[in-house]
Every structure is written in structure tokens, then in C-alpha cells.
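Geometric and topological summary
What follows is the residue order along each chain.
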Amino acid sequence: MAATDEALRVGVVGTGSLGFHHARILRDLPGTRMQGFFELRTERRHEVEQELEVTAFDSLDALLDTVDAVVVAVPTLQHEEVAVAAVTRGIHVLIEKPIAPTVEAADRILAAARAGKAVVQTGHVERFNSALLAADRYLDTPLFIESHRLAPFVNRGTDVAVVLDLMIHDVDLVQSLVGTPILEIAASGVPVLTPNVDIANARLTFTGGAVANLTASRVSMERMRKLRIFQRSGYMSLNLAEGTGEFLRVKGELPALSDIAVGAPGANGGSANGHGAAEMGLLDIIERIPLEKTEGEPLRRELENFRDAALGFAAPLVTGDDGRAALDVIRSIEERIEQHVADTRTA
């Protein structure tokens, strides 16, 4: 659809826990007109219709007849069927992550979208996290990235390995942050409470030397969504759960480190080193810059971007190609973990 002053007619396919929130936000989002939703489960359809006071359609075709764009929030195995049905009509799609169950299915969606001249955006909502948005101005060629995405066990998403359920968020983030191809992947993981892998670690080495170390678990005693980024200009610690963080960098105009003592006991963490060196603590050397939280939901920012992309005013922050790239890496990680699990069982 070309840029226009008309409101974008939107709908949602699938109103589980995440699809419900898409529908809730789209119902009131400026620049859009919420046409309704399609949900296969009769009881759930009635619940959402009553709670949100939006129209429930009896079929996917009936919904697609009324919209310019849809959010695809059905189970992953149904992504291709729904997305292709939409994009072949020229209807723009935001597909929840992962974009498809297989890379081949993702390729078919993207080919159909090109033929139908439809926008494909992938729902990697962490790209819209306020901590990432605040950190953007300080990013300067990351060299090492470490992520921890940990969650207590719940009986949801356990039909797939934890890398597809959780780690895929961080794979997408580090690929966007580093911006160069991956040269090497090493990974390991084990099933703990389910037949699938419940805790996993992956190490990605990129062209140019950057390295990312990713850990994902759904059997943790605590929740954690943290990202640490190390680069020549400093270090960023991002709390993705809170949407906050800080950037630490060395202050300018310092004396040579050979002339100072750092970290010894003293009023500010430093003291003379016995050889006449100046007293200086870590806080005298390091400048701490808070990364302020931006108000608003990341999911709303994602939908605003989708609206603007569908109207022709902006490009999607997370394209269909980005979603395909993250899925491709995840499948490679899974292959290495499967080999690791097989090795542990035969050891």
C-alpha cells in the first residue's frame, strides 16, 4: 500500500496470550482501524470479543476481505498457511517470532510477499525494548556480547527446545548489533524437565572478531533478561526486563594508569601504593551514564512501526529477512545441541 492519509485497516489472526495484546493495542492505536480478529477456538473467540468489544470473524477469508494488514499470532506451525494467504492478496503481515517452523517455510512466505508486494515484519519485540533504544546512541562496534534469558518452568512452549522459544530473541538482537556474518557456531544444551532441551548455551563468532555468548533457560529459579555489550569505547549493561541500563566508559583527560593506583582501600576506593602514586578509585576513572527508560509498551512501539511500514512511511525495524536469518541461526544451534545431547547419552 502506498503512503496515504487513510487509517490502516488491521486485524489479528490468533488471540492467545500475545495475540490478545496485539488486538488490545490495535483497537486504540492512532492511524489504524481495528476491523476484528479470527480465532479458531470458539470459547476463546467469545472471551476476546466480549472483553475487547471487537468483531470476531467466522473465517480467515472473511477477515482478510476487510483488511490492509494483519498480525499473525497463531501457533508457529500455522504461520506459513496464514501469512501466505494474506500476502498473496497484497495484505501486509506482522508475523510473531519465529517467522516460520522451518527456513524453507520462511522462504516461501517471503517469496509470496515479494510477488504480492506486501510488507513482512517479524515480531522480535525486544528490538523495541527501551533499553536497546536508549543504548543505540552509544553503540560502536561491539566486540563481545553476553546475554542471559532465564525463566522459571511453566507448561508453555515446552513442545519446542528452549532455543526456539527463548534464545531466538537474543540471536536476533546480537545479529542486529554486530551487523556482520556469523563465521562459527558452538552450542550445547540438555533436557531437564521435558523431552526437549530446557537449558542451552551458544557461542557465535562473527566476521571481524566479535563474539556473542548466549544462555537461555526455562528451568531457572529466577527470571532474568540481561544483555552486556563490550566495545572499545566502553561497556553497556542492559536490563531488558526493566527496560533500563547503564553505559560505563573511561573518563577523558586521565593521567597515565602507570601513575595511579586503582582499587586499593581508601576514601573513594583508592590509596597510595607505597611508591608515591596518586590515590584514585574506579569511580574516578569510570563515567556512569544511565540509560533512561522510555515510557510505553515495546509491543505498542512495534505495532506503530508496523503501521508506518504498511502505510509506506517507514521501513520495518525487523524485516522478514531478519526473521529468516534468526531462524536459520537457531536451526544451526539446534543441530549442534542435538549432537551434544547425543554425545552425552553415549558417553
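Located above this text is the structure these notes cover.
Worth saying up front: this structure is predicted, and the values here are computed from it rather than measured.

As for the overall build of the protein chain
Per the secondary structure count, the protein chain includes 10 helices and 16 strands. Burial status across the protein chain gives 49% buried among its 347 residues. Once local pairs closer than 6 in sequence are excluded, the contacts in the protein chain between residues at least 24 apart make up 69%. Roughly 16600 Å² of accessible area belongs to the protein chain as shown, and the carbon and sulfur atoms make up 51% of that amount.

Things to note about the sheet that holds strand S7 (residues 144-150)
Spatially, 8 strands are ordered S8-S9-S10-S7-S11-S12-S13-S16 in an open sheet, and the strand pairing comes out mixed. Looking at the sheet topology across the chains shown, the edges are occupied by strand S8 (182-190) and strand S16 (286-291). Between one strand and the next, the sheet's axes are offset by a mean angle of 10°, whatever the strand orientation. Helix H7 (residues 162-178) rests against S7, S8, strand S9 (199-206), strand S10 (211-217) and strand S11 (224-231) of the sheet, and its axis sits at about 160° to S10.

Regarding the sheet that holds strand S4 (residues 69-72)
Sheet strands pair by backbone hydrogen bonding; their relative direction is either parallel or antiparallel. The 6 strands lie next to each other as S3-S2-S1-S4-S5-S6, forming an open sheet whose pairing is parallel. Of all the strands in the sheet, the pair left with one neighbour each is strand S3 (56-57) and strand S6 (120-123). Direction of pairing for strand S2 (residues 32-38) relative to S3: parallel, over a ladder of 2 bridges. Within S3, the position partnered with Phe38 by the bridge is Phe57. Where helix H1 (residues 17-28) meets the sheet, it contacts strand S1 (8-13), S2, S4 and strand S5 (92-96), and its direction lies at approximately 160° from that of S1. The sheet strands contacting helix H9 (residues 298-310) are S1, S2, S4, S5 and S6, and the helix crosses S5 at an angle near 155°.

Focus: H1
Those residues of H1 lying buried are Gly19, Phe20, His22, Ala23, Ile25 and Leu26. Against the buried residues of H1 lie S1, S2, helix H2 (42-52), S4, S5 and H9.

Some remarks on the packing of helix H4 (residues 79-87) against helix H5 (residues 103-116)
Orientation of H4 relative to H5, taken along the N-to-C sense of each, is 10°, at an axis distance of 9 Å. For the element pair H4 / H5, the angle class is roughly parallel. Facing His79, Glu80, Ala83, Val84 and Val87 of H4, the residues of H5 in contact are Ala105, Arg108, Ile109, Ala112, Ala113 and Gly116. Class assignment of the residues belonging to the contact of H4 with H5 gives a composition of 7 nonpolar, 2 polar and 2 charged.

Section: the packing of H1 against H9
At a closest axis distance of 10 Å, the pairing of H1 and H9 adopts a crossing angle of 65°. The orientation of H1 with respect to H9, classified from their angle, is roughly perpendicular. The two elements H1 and H9 meet at a crossing, and its hand is right-handed. Along its contact with H1, which presents Leu18, His21, His22, Ile25 and Leu26, the element H9 presents Leu299, Arg300, Glu302 and Leu303.

Remarks on the pairing of S10
Counting buried positions along S10 gives 7 out of 7 residues, so the element sits mostly inside the fold. Burial along S10 is two-sided: Val211, Asn213, Thr215 and Ser217 facing one way and Ala212, Leu214 and Ala216 facing the other are all buried. Pairing of S7 with S10 involves 7 bridges; the strand directions are parallel. Bridge pairing in S10 links Phe144 to Val211. Connecting the antiparallel pair S9 and S10 is a turn made up of 4 residues, with Gly208 showing a positive phi of about 100°.

As for the packing of aromatic side chains
According to the stated counting rule, one finds 3 aromatic pairs in the structure shown. With a centroid separation of 5.9 Å and 45° between ring planes, the pair formed by Phe144 and Phe230 is classed as tilted. Here Phe144, found in strand S7, pairs with Phe230, found in strand S11; they are 86 residues apart in sequence, far enough to count as distant. The partly exposed category is assigned to Phe144, whose relative accessible area is 28%. For Phe230, a relative accessible area of 32% gives the class partly exposed. Considering the side-chain rings of Phe230 and Tyr235, the 4.6 Å spacing of their centres and the 25° angle between planes classify their relative orientation as stacked. One aromatic cluster in this structure is built from Phe144, Phe230 and Tyr235.

Focus: H7
The end-to-end C-alpha distance of H7, which contains 17 residues, comes to 23 Å, matching closely the 24 Å that a straight helix rising 1.5 Å per residue would cover. Roughly 50° is the biggest bend found in H7, and it falls at Ile168. Within H7, 15 of the 17 residues are buried, which leaves it mostly tucked inside the rest of the structure. Positive backbone phi, approximately 80°, marks Gly179, located one or two places after H7.

Thresholds applied
- Residues numbered from 1 in each chain as written.
- Predicted model: local features only at pLDDT ≥ 70, side-chain atom pairs only at ≥ 80, totals over all residues.
- Heavy atoms only, no water.
- Helix = DSSP H or I, 4+ residues; strand = E, 2+ residues; numbered from the N terminus.
- Buried < 20%, exposed > 50% of the residue type's maximum accessible area, 1.4 Å probe, protein only.
- Contact = heavy atoms within 4.5 Å.
- Areas by Shrake-Rupley, 256 points an atom, 1.4 Å probe, with all protein chains shown as cover.
- Pairing = 2+ DSSP bridges.
- Axes fitted to C-alpha atoms, helices over the stretch in contact; angles between N-to-C directions.
- Parallel < 35°, antiparallel > 145°, perpendicular 65-115°, else oblique.
- Nonpolar A, V, L, I, M, F, W, Y, C, P; charged D, E, K, R; others polar.
- Left-handed = near helix turned anticlockwise from the far one by under 90°.
- Phe/Tyr/Trp six-rings, centres within 6.5 Å; stacked < 30°, edge-to-face > 60°.
- Expected span 1.5 Å × (residues − 1).
- Bend = angle between axes of the 7 residues up to and from the residue.

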